[in-house]
Amino acid sequence: MFKNNFKEFIDKLFSGNQSSLIKIFSTLSIIWMIFIGYLIWWNGIKNPGFDKSFKWDEWIWFGLVPAIVPFIFYLIWKKRD
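The notes below deal with the structure included here. Computed from a predicted model, the values in this text were never measured in an experiment. (Residues numbered from 1 in each chain as written. Predicted model: local features only at pLDDT ≥ 70, side-chain atom pairs only at ≥ 80, totals over all residues. Heavy atoms only, no water.)

Before going further, it helps to examine the overall build of the protein. From N to C terminus, the protein includes 3 helices and 0 strands. Its helices and strands in sequence order give the protein the pattern α-α-α, from N to C terminus. For the protein, the spread of C-alpha atoms along the three principal axes comes to 55 × 25 × 20 Å. Per-residue burial over the protein gives 20% buried out of 81 residues. Here the analysis covers contacts within the protein between residues at least 6 apart in sequence; of these, 62% occur between residues at least 24 apart. By element, 71% of the accessible surface of the protein is carried by carbon and sulfur atoms, the whole surface being about 6700 Å². Across the protein, the 10 positively charged side chains and the 6 negatively charged ones have centroids separated by 5 Å. (Helix = DSSP H or I, 4+ residues; strand = E, 2+ residues; numbered from the N terminus. Buried < 20%, exposed > 50% of the residue type's maximum accessible area, 1.4 Å probe, protein only. Contact = heavy atoms within 4.5 Å. Areas by Shrake-Rupley, 256 points an atom, 1.4 Å probe, with all protein chains shown as cover. Lys, Arg positive; Asp, Glu negative; His and termini not counted. Charge placed at Lys NZ, Arg CZ, Asp CG, Glu CD.)

Put into structure tokens, the structure is as follows:
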């Protein structure tokens, strides 16, 4: 059931027929992921140690997960049509 709802949500998200709430959530999520990615990249560059790589685990936990959670709540609490 969740898989079908998620597929419908993804189809609706990329169809161009979204509500303004979904457009706002999508925009904020993308901005959040880019901003957190930039901060993690900047902290990696300024790290005094030898490891200057991008910390993907930090980006997933602090960038991707908080950006996806509002959509999960939306899917859970959405009224049935």
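Next comes the rest of the account.
Where charged atoms of side chains with opposite charge meet at close range, the side chains can pair. Under the criterion given, the structure shown has 1 salt bridge. One salt bridge connects Asp51 with Lys55, and the closest N-O pair in it is separated by 3.4 Å. (Salt bridge = Lys/Arg side-chain N within 4 Å of Asp/Glu carboxyl O.)

The N-to-C vectors of helix H2 (residues 20-45) and helix H3 (residues 56-77) enclose an angle of 170°; their axes lie 8 Å apart at closest approach. When the axes of H2 and H3 are compared, the pair comes out roughly antiparallel. Contacts between H2 and H3 involve Leu21, Ile22, Phe25, Ser26, Ser29, Trp32, Met33, Ile36, Gly37 and Ile40 from the former and Glu58, Trp59, Phe62, Gly63, Leu64, Pro66, Ala67, Pro70, Phe71 and Tyr74 from the latter. When grouped by side-chain class, the residues that make up the contact of H2 with H3 number 15 nonpolar, 4 polar and 1 charged. (Axes fitted to C-alpha atoms, helices over the stretch in contact; angles between N-to-C directions. Parallel < 35°, antiparallel > 145°, perpendicular 65-115°, else oblique. Nonpolar A, V, L, I, M, F, W, Y, C, P; charged D, E, K, R; others polar.)

A cluster of nonpolar side chains, namely Ile60, Trp61, Phe62, Val65, Ile68, Val69, Ile72, Phe73, Ile76 and Trp77, defines an oily patch on the protein surface of about 1000 Å² accessible area. Using a relative accessible area of 39% as the deciding quantity, one classes Ile68 as partly exposed. (Patch = residues over 30% accessible without salt bridge, like charges linked within 9 Å, V, L, I, M, F, W, Y side chains within 5 Å.)

So, about the side chain of Ser29. Secondary-structure assignment places Ser29 in helix H2. The exposure class assigned to Ser29 is buried, which follows from its relative accessible area of 7%. A distance of 2.9 Å separates a polar side-chain atom of Ser29 from the backbone oxygen of Ala67. Apart from residues no more than four positions distant in its own chain, Ser29 is found in contact with Ala67 and Phe71. (Polar contact = N/O pair within 3.5 Å; in protein donor to acceptor, adjacent residues only side chain to side chain.)

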